[in-house]
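Observations on chain architecture
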Amino acid sequence: MESRTNILLLGSNLRRAEQVRSKLASSCNVRSEDFHAVLSAHRLGAPLAIVDLAEDVDAAIAAMEELARSGGPVKVIAMAATKDPELILRAMRAGAREFVVLDGSDELVTVVEKLRRQIEAAAGSGHIVTVFPAKGGAGATFLATNLAGLVAESGKRVVLVDLDLQLGDVLVTLDMTSQYAISDVLQNMQRLDRELLSGSLAKHPSGIHVLSQSDRLEEADRVTAAKIGAILTFLARHYDYVVVDGVRGFDEMSIAALDVSHQVLLVLAQTVPALRNAQRCLEVFRRLRYGDDKVKVVVNRYQKNDSIDLDSVRESLGTSVTGLVSNEYKTVMAAINRGRLLHETASRSKVAQDLRQVAGAIGAVGLQKKGGSFFGKLFGKKEAAPKNVIPLPKQQNREEGVRSEQPKRAPETI
Ligand SMILES: Nc1ncnc2c1ncn2[C@@H]1O[C@H](COP(=O)(O)OP(=O)(O)OP(=O)(O)O)[C@@H](O)[C@H]1O
Ligand SMILES: [Mg+2]
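Residues numbered from 1 in each chain as written. Chains lettered and ligands numbered in written order. Predicted model: local features only at pLDDT ≥ 70, side-chain atom pairs only at ≥ 80, totals over all residues. Heavy atoms only, no water.

Observations regarding helix H14 (residues 329–337)
Note: α-helices contain 3.6 residues per turn, so residues at a spacing of three or four share the same orientation. What counts here: Working definition: with a 1.4 Å probe on protein chains only, accessible area under 20% of the residue-type maximum means buried, over 50% means exposed, and in between means partly exposed. Starting at the N terminus, helices and strands are each numbered in turn, a helix being any DSSP run of H or I of at least four residues and a strand any DSSP run of E of at least two. It is the directions from the helix axis to the C-beta atoms that the arc portrays.
Taken together, the buried positions of H14 are occupied by Thr331, Val332 and Ala335. What you see down the axis of H14 is that its buried residues fit within an arc of 95°, all on one side. Facing away from the buried side of H14 by over 90 degrees, the exposed positions are Tyr329, Lys330 and Asn337. Gly339 occupies a position one or two residues after H14 and carries a positive phi of about 65°.

Structure, rendered in structure tokens:
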């Protein structure tokens, strides 16, 4: 196993924390925190937690119970000074997977290695992309559905998730209904395998699988923020792509979805309110320490001659623009009104080509090679960079050292 694992160590004093660090130094990054950190464990991105029972047993047990309740992907190791059978029982009941004693032996290292292997085996290769509107009506649902459609067309398994539990419009946009809701997946996550899951989800003729709550509102309160990360990573285990729509603003639920996303597409139109909101969103993303490889800006309903031109967008956001999607109201509405995707109804339209470029630029499908001439192909002439990826000469306003812990999947476009 080559990659390093982040481990959250809770409740250790300095000496014990140092001991743990030195034992695991070769394969893990150990972050030592007090028990309060358990409340934000799902944000700290650690798949493994070690809870130290040596100092304060009750607080340690409470922390383990909280980790178990939050339903996140954190596996818990209880660590104590002695192997007290009663303590072992309490720790296991509180949700610990393993119980180890911190001493001169290799026990901790062996247990951590075992759990790391399990985590690696369980981790899916799926990629989670959240389409995030800077302002209502920016075209997030339109982009999310069509990007998912292009991914499906390329032969990959894709699920489109609508996290707007109350007023989600993915099902309406695709003219579908669904018997199976997000709350059902949550309830059955333990027993759902790939077959059962894909058999249960609604399917669009394009091949997109859809998961929404909007037809089953009465159970929406089961879908809590703490479970959002768990459900998206669960879906990523079974799909190549998880495209998320219906996330807006920065409430707990949104942040849980954004945190587990590998990419966030910030969608805006060329209006002053949209630009202002986009600036604020980028600021929040920076504070959440999402890097440039994670956050991509897409201008939708793009009009070249708009008074807010591309340079103004780039300047006021201080970042590059990854994609421009043309404003073609009639073409777009014709597809939406039929519950279809643009590459099915108007594949030659400019807006459909733009969507392909965006999908290519974020690495969701192979980049379109536009206008490759016969001689060019024959002599292997180099293709031009996609036109819609607009480089900014110099990154501005970016915090030093901001980086994403998510895997880098998209080709370098900026
Ligand atoms: N590129 C485009 N060209 C023309 N019209 C578009 C384009 N993209 C979206 N629209 C139109 O804008 C409207 C809003 O789009 P959409 O529902 O996708 O936005 P949204 O960001 O999901 O909105 P909401 O905040 O309601 O969730 C749609 O009616 C659609 O027809
Ligand atoms: Mg929408």
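Past the structure itself, the notes keep going.
Re the pattern of salt bridges
Operational definition: Salt bridge, as applied in this entry: a Lys or Arg side-chain nitrogen positioned within 4 Å of an Asp or Glu carboxyl oxygen.
Following the criterion strictly, the structure yields 17 salt bridges and no others. Where Arg356 meets Glu153, a salt bridge forms, and the shortest distance between an N and an O atom there is 3.1 Å. Within this pair, whereas Arg356 is found in helix H16 (residues 350–361), its partner Glu153 is found in helix H6 (residues 140–153), the two being separated by 203 residues in sequence. On the basis of relative accessibility, which here comes to 43%, the residue Glu153 falls in the partly exposed class. Note that Glu344 is salt-bridged to Arg340, the shortest N-O span being 3.0 Å. Taken together, the shared-partner salt bridges in this structure form one network comprising Asp184, Arg216, Glu218, Glu219 and Arg222.

Some points on the site of ligand 1
Quick note on the threshold: Near, as used in this document, describes a residue that has one of its heavy atoms within 4 Å of the molecule or strand being considered. What qualifies as a polar contact is a pair of N or O atoms within 3.5 Å, subject to a donor-acceptor requirement within protein and to the restriction that residues adjacent in sequence count only when both atoms come from side chains. Within this scheme a cavity is a closed region of a 1 Å grid, computed over the protein atoms alone, that accommodates a 1.4 Å probe without allowing it to escape, whereas a pocket is open but has protein on both sides within 12 Å along at least five of seven lines; lining residues each have an atom within 4 Å of a point. Grid points define the cavity or pocket, and a molecule sits in it when more than half of its atoms lie within 2 Å of them. Amino acid classes used here: Ala, Val, Leu, Ile, Met, Phe, Trp, Tyr, Cys and Pro are nonpolar; Asp, Glu, Lys and Arg are charged; the rest, including Gly, are polar.
Of all residues adjacent to ligand 1, which total 18 residues, the nearest are Thr141, Phe142, Arg248, Asn300 and Met333. Gly139 has a polar backbone atom sitting 2.9 Å from an oxygen atom of ligand 1. In this structure, an oxygen atom belonging to ligand 1 sits 2.8 Å away from a main-chain N or O atom of Phe142. Among the detected pockets, ligand 1 sits in the second largest pocket. Those elements that place two or more of their residues in the shell around ligand 1 are H6, strand S12 (295–302), strand S13 (323–326) and H14. By residue number, the principal contributor to the shell around ligand 1 is H14, which donates 4 residues. For the shell around ligand 1, the residue count by class is 8 nonpolar, 7 polar and 3 charged.

Side note on the confidence of the model for the chain
Keep this limit in mind: pLDDT measures how confident the predictor is about each residue, on a scale from 0 to 100. The criterion used for residue contact is that any of the two residues' heavy atoms lie within 4.5 Å.
With 85% of its residues at a pLDDT of 70 or more, the chain has an overall mean of 85. Every residue in residues 369–388 scores below 50 in pLDDT, and together they form 15 contacts with partners more than four places removed in sequence or on other chains. Across residues 393–414, where pLDDT falls below 50, the model places 50 contacts with residues more than four positions away in sequence or in other chains.

Quick look at the packing of aromatic side chains
The criterion, for reference: Here is the rule: rings of Phe, Tyr and Trp (six-membered ring for Trp) pair when centre to centre is within 6.5 Å. Planes less than 30 degrees apart are stacked, more than 60 are edge-to-face, and the remainder are tilted. Consider the ring centre and the ring normal. A charge sits over the ring if Lys NZ or Arg CZ is within 6 Å of that centre and within 35 degrees of that normal.
Within the structure shown, the criterion is met by 4 aromatic pairs. Each ring, one from Phe132 and one from Phe285, has its centre 5.6 Å from the other, and the planes form 70°; the classification is edge-to-face. Taken together, the residues Phe132 in strand S6 (residues 127–133) and Phe285 in helix H12 (residues 272–287) connect sequence positions 153 residues apart. With centroids separated by 5.7 Å and ring planes inclined at 75°, the aromatic side chains of Phe250 and Phe285 adopt a geometry described as edge-to-face. Of the two residues, Phe250 is situated in the loop between strand S10 (241–245) and helix H11 (252–260) and Phe285 in helix H12; the sequence distance between them amounts to 35 residues. An aromatic cluster is defined as three or more aromatic residues linked by ring pairs; in this entry it consists of Phe132, Phe250, Phe285 and Tyr290. Its end group placed over the ring of Tyr239, Arg157 keeps NZ or CZ at 4.5 Å from the ring centre. The ring of Tyr290 is capped by Lys294, whose NZ or CZ atom sits 3.9 Å from the centre of that ring.

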